[in-house]
Amino acid sequence: MTTIRLTVAQALVRFLAAQYTERDGTRRRLIGAMWGIFGHGNVAGIGQALVEYADLMPYHQGRNEQAMVHAAVGYARQSGRLSAHAVTTSIGPGATNLVTGAALATINHLPVLLLPGDVFATRPADPVLQQLEVPYAGDVSVNDTLRPVSRYFDRITRPEALIPAALQAMRVLTDPVDTGAVTLALPQDVQAEGYDWPERFFAERVWTVRRPGADAAELAEAVQAIRTARRPLLVAGGGVHHSRAETALAEFAGATGIPVASTQAGKGSLRYDHPQDVGGIGHTGTATADDLARTADLVIGVGTRYTDFTTASGTLFENPAVRFLNLNIAPFDGHKLAGLPLVADARNGLEELTERLGMHGHRVPGEYVAEYTGAKDRWERTVDACFAAPDPAARPTQPQVLGALDALVDESDIIVNAAGSLPGDLHKLWRARSADQYHLEYGYSCMGYEIPAALGVKLAAPERNVWALVGDGTYLMLPTEIVTAVQEGVAIKLVLLQNHGYASIGGLSEAVGAERFGTAYRYPAGDGTHTGAPLPVDLAANVASLGMRVLRAGTAGELRAALGEARAADVPTCVYVETETSDTVSGAPPAQAWWDVPVAATATRPSAVKARELYERHVSTRRRHL
């Protein structure tokens, strides 16, 4: 057997550079690049290997370890999970900073390879710098915090252990059911250790991303359930996008007339103007979709996990006779809500359903189509009213900011968001023009995701305009990768909305009787609350200090001009706007369905007492679907 002597880190980099995915005849490099921040735990290992093989593995310099994972996740989602990025860190805080990003990747079923440094495997000195000492276990390090948020975890304590671990890591990254964060913890001494590797380890290897078809018996039962339903509703989840099943979904909906609602992850599965698209569903959904959900006798979930936002915490699907049919590649999700499972790839499953139903000439009743078509038209008028441009000299509301952007973009633009009040407004109001325009991370709804994720999306689609929509609270969480965007000339567009606090949680706080406590960015008022004057924080100046071009928009007229200028820019550009939050100014429509946030069972303050009474009324409507 021919061998080649390399360090463990060098071998890993060479191995990663030779891995590919293939689906539908398209071949992609599996690990497209590596993000890294170096310290004593990886500089002499992975750092040296990246220098050694700079021609094989592109490198991106990050500023925050969590942000590097977010950027990698944005890249993976935009790449259809067929290409991913790796992230290397030092030991200690660099490694633990990965945990939030890893959780986000795993919850959203998006592949990312994490390569944190670890303490010495040989233990020449104990403890070493940044080592966590665990008195009851000598083989535990801070990297073990990554175990519960990783789909695969291994610690490489011997060079030869890399071979099976690396192969298992690639298997998980390319598995459409199990993919998520994959962690290979690398002790710093092992990274630099030499070993005689079989040359075959570095040969090109192609990992086929499966598209399993449906079981014949499950398919027959699914067809029968659809044929006997009078008011079916399809719920499109993120699995539609992961499968690239948008065309198959459009053909299914067009052939059957079944209306299609979408989760946050599934929005854009149909264009907003498709006749069967009825918009977002659940707590942040449209009145059209939620009213249909309340009377549906069959809910067809395609690639969805049925989170509490989708089901309105178990209160949305009210029809006593409602049944669930779940087309999902993951059996775990296929059996949710006691549904009929149709375990298959979303595209294959939809194509098979369309073919079988077409053989019977199946289509929903015409009066049902007329009902949801009329409701869809009424909701579009609601969107028009929210998006209507104010007086050019006035300060815009948040929905009016979205309206100005909606009027500017075309199907090539991509909108990135994750947390705050924006996800609710976007889910209700945004008019998705293409399958991948709407990029919402709502599985983990992680503040700080937007800017680094936009960077990753832009790296995956450099020809597209990529917009990160960020409130001031989210911006302050993680603005660091602006520096990376400037350094590498990645021309993301940042829309920064200043509303002086955590607006979303402030509204929720008021609704549950907590009186917006601790949610405003204001000076203390002397009574234990922060309700004084707004803080004199200039976020636009902060953005500019990081090297990004900033356009300040004080009015609606200036906003429209600034957005147009930003869209045409070939350098990273921020549009900064202070939004109107007065109760007298029209905002987004209220929630069309409930969301369970428990309210204090005992309280003396009137707001909490009233909130508890309302809470108990909602809880009484919850049901378990059995």
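Residues numbered from 1 in each chain as written. Predicted model: local features only at pLDDT ≥ 70, side-chain atom pairs only at ≥ 80, totals over all residues. Heavy atoms only, no water.

Trainee: Explain the overall build of the protein chain here, please?
Mentor: A count of helices and strands for the protein chain gives 24 helices and 23 strands. Radius of gyration (C-alpha) of the protein chain: 25 Å, near the 25 Å computed for a compact globule of 626 residues. Based on the C-alpha atoms only, the size of the protein chain along its principal axes is roughly 70 × 70 × 55 Å. By residue count, 57% of the 626 residues in the protein chain fall in the buried class. Residue pairs at least 24 apart in sequence account for 76% of intrachain contacts in the protein chain once pairs closer than 6 positions are excluded. If you sum the accessible surface of the protein chain, you get close to 24300 Å²; carbon and sulfur atoms cover 53% of it. Averaged over its 55 positive side-chain charges, the protein chain has a centre that lies 3 Å from the centre of its 67 negative ones. (Helix = DSSP H or I, 4+ residues; strand = E, 2+ residues; numbered from the N terminus. Rg over C-alpha atoms; globule rule 2.2 N^0.38 Å. Buried < 20%, exposed > 50% of the residue type's maximum accessible area, 1.4 Å probe, protein only. Contact = heavy atoms within 4.5 Å. Areas by Shrake-Rupley, 256 points an atom, 1.4 Å probe, with all protein chains shown as cover. Lys, Arg positive; Asp, Glu negative; His and termini not counted. Charge placed at Lys NZ, Arg CZ, Asp CG, Glu CD.)

Trainee: Please clarify how the sheet that holds strand β14 (residues 277–280) should be interpreted in this entry.
Mentor: In a beta sheet, neighbouring strands pair by backbone hydrogen bonds and run either parallel or antiparallel. Spatial strand order, β14-β13-β12-β15-β16-β17: six strands in an open sheet with parallel pairing. Bordering the open sheet on either side are β14 and β17 (340–343), each of which pairs with just one other strand. Adjacent strand axes in the sheet meet at a mean angle of 20°, parallel and antiparallel pairs treated alike. Both strand β15 (residues 298–302) and strand β16 (residues 323–328) contribute to a ladder of five bridges, which runs parallel. Paired with V299 across the two strands is F324, which belongs to β16. On top of the sheet, helix α8 (residues 216–228) reaches β15, β16 and β17; it is set at about 125° to β17, its chief contact. Helix α11 (residues 287–295) contacts β12 (232–236), β13 (260–262) and β14 of the sheet and is inclined by roughly 100° relative to β14. (Pairing = 2+ DSSP bridges. Axes fitted to C-alpha atoms, helices over the stretch in contact; angles between N-to-C directions.)

Trainee: Just checking my understanding: could you explain the nonpolar core for this structure?
Mentor: One recurring pattern in soluble globular proteins: nonpolar side chains tend to sit buried together. Counting 51 residues, the largest nonpolar core has I226, L234, F252, I281, I300 and L350 as the members making the most contacts within it. In terms of residue count, α8 provides more of this core than any other element does, five residues in total. Within the second largest apolar cluster, 47 residues are counted, among which are W35, A71, A485 and L494. (Core = buried A, V, L, I, M, F, W, Y, C linked by side-chain atoms within 4.5 Å.)

Trainee: Please clarify how α11 should be interpreted in this entry.
Mentor: Because the α-helix completes a turn every 3.6 residues, residues three or four places apart line up on one side. Among the residues of α11, A287, T288, A289, D290, L292 and A293 are the ones counted as buried. Next to the buried residues of α11 lie β12, β13, β14 and α15 (366–387).

Trainee: Would you mind showing me how to read the packing of aromatic side chains here?
Mentor: What characterises a pair of aromatic rings is the spacing of the ring centres plus the angle enclosed by the ring planes. Per the counting criterion, the structure on display carries 12 aromatic pairs. Look at F309 and Y442: their rings are 5.2 Å apart centre to centre, the planes differ by 70°, and that puts the pair in the edge-to-face class. Of this pair, F309 sits in helix α12 (residues 308–311) while Y442 is found in the loop between β19 (438–440) and α18 (450–460), placing the two residues 133 residues apart along the sequence. A centroid spacing of 4.5 Å and a plane angle of 65° characterise the contact between F309 and W595, whose relative ring orientation is edge-to-face. Of this pair, F309 sits in helix α12 while W595 sits in the loop between β23 (573–578) and α24 (606–619), and the two are 286 residues apart along the sequence. An aromatic cluster of at least three residues, connected via ring pairs, comprises F15, Y195, W197, F201 and F202. The positively charged end of R14 is found above the aromatic ring belonging to F202, 4.7 Å away from the centroid. (Phe/Tyr/Trp six-rings, centres within 6.5 Å; stacked < 30°, edge-to-face > 60°. Lys NZ or Arg CZ within 6 Å of the ring centre and 35° of its normal.)

Trainee: So what exactly am I meant to see when it comes to the sheet that holds strand β3 (residues 26–29) here?
Mentor: Spatially, the three strands line up as an open sheet ordered β3-β2-β11, and their pairing is mixed. The outermost strands of the open sheet, each flanked by one partner alone, are β3 and β11 (205–208). Geometrically, the sheet is characterised by an average inter-axis angle of 30° between neighbouring strands, direction not taken into account. Across four bridges, the pairing between strand β2 (residues 19–23) and β3 is antiparallel.

Trainee: How should I be thinking about the packing of helix α3 (residues 65–78) against α18 in this particular structure?
Mentor: Working note: a packed helix pair is described by the angle between its axes plus the distance between those axes. Following both chains from N to C, one finds α3 and α18 inclined at 40°, their axes separated by 7 Å at the closest point. Judged by the angle between their axes, α3 and α18 are oblique. Handedness of the crossing formed by α3 with α18: right-handed. On the side of α3, the interface is formed by A67, H70, A71, G74, Y75 and Q78, while α18 contributes P452, A453, G456, V457, L459 and A460. For the contact of α3 with α18, the per-class residue count stands at eight nonpolar, four polar and no charged. (Parallel < 35°, antiparallel > 145°, perpendicular 65-115°, else oblique. Left-handed = near helix turned anticlockwise from the far one by under 90°. Nonpolar A, V, L, I, M, F, W, Y, C, P; charged D, E, K, R; others polar.)

Trainee: Explain helix α20 (residues 481–488) here, please?
Mentor: Every buried residue of α20 is accounted for by E481, I482, T484 and A485. Each buried residue of α20 lies within a common arc of 160° when the element is viewed along its axis, so the set occupies one face. Once α20 ends, the next one or two residues include G489, with phi positive near 65°. (Arc of directions from axis to C-beta.)

Trainee: What is the right way to look at the pattern of salt bridges in this model?
Mentor: Oppositely charged side chains are able to pair whenever their charged atoms sit close together. Throughout the structure, instances matching the rule amount to 33 salt bridges. For R158, the salt bridge is made with E160, and the minimal N-O distance between the two is 3.5 Å. Relative accessible area serves as the criterion here: at 41%, R158 is assigned to the partly exposed category. Judged by relative accessible area, E160 falls into the partly exposed class, the value being 33%. E616 is the partner of R612 in a salt bridge, and the nearest nitrogen-oxygen pair spans 3.1 Å. Placement of both R612 and E616 in helix α24 is noted, with a separation of four residues, approximately one turn of the helix. Each member of the salt-bridge network shares a partner with another, and the members are D24, R211, D345, R347 and E351. (Salt bridge = Lys/Arg side-chain N within 4 Å of Asp/Glu carboxyl O.)

Trainee: Help me out: how do you make sense of the side chain of N108 in this one?
Mentor: Along the chain, the position of N108 falls in the loop between α5 (98–107) and β7 (112–118). The exposure class of N108 is buried, given its relative accessible area of 16%. A distance of 2.8 Å separates a polar side-chain atom of N108 from the backbone oxygen of L104. Beyond its immediate stretch of four places on either side in the chain, N108 contacts H242, E441, Y442, G443 and Y444. (Polar contact = N/O pair within 3.5 Å; in protein donor to acceptor, adjacent residues only side chain to side chain.)

Trainee: When you look at the environment of H439 in this model, what are you seeing that I'm missing?
Mentor: Here H439 shows up in strand β19. Remark: the alpha-carbon pair of H439 and D377, spanning 62 residues in sequence, is separated by 25 Å. For H439, the side chain forms a polar contact with the side chain of Y449, separated by 2.8 Å.

Just distances and angles here, no functional claims.
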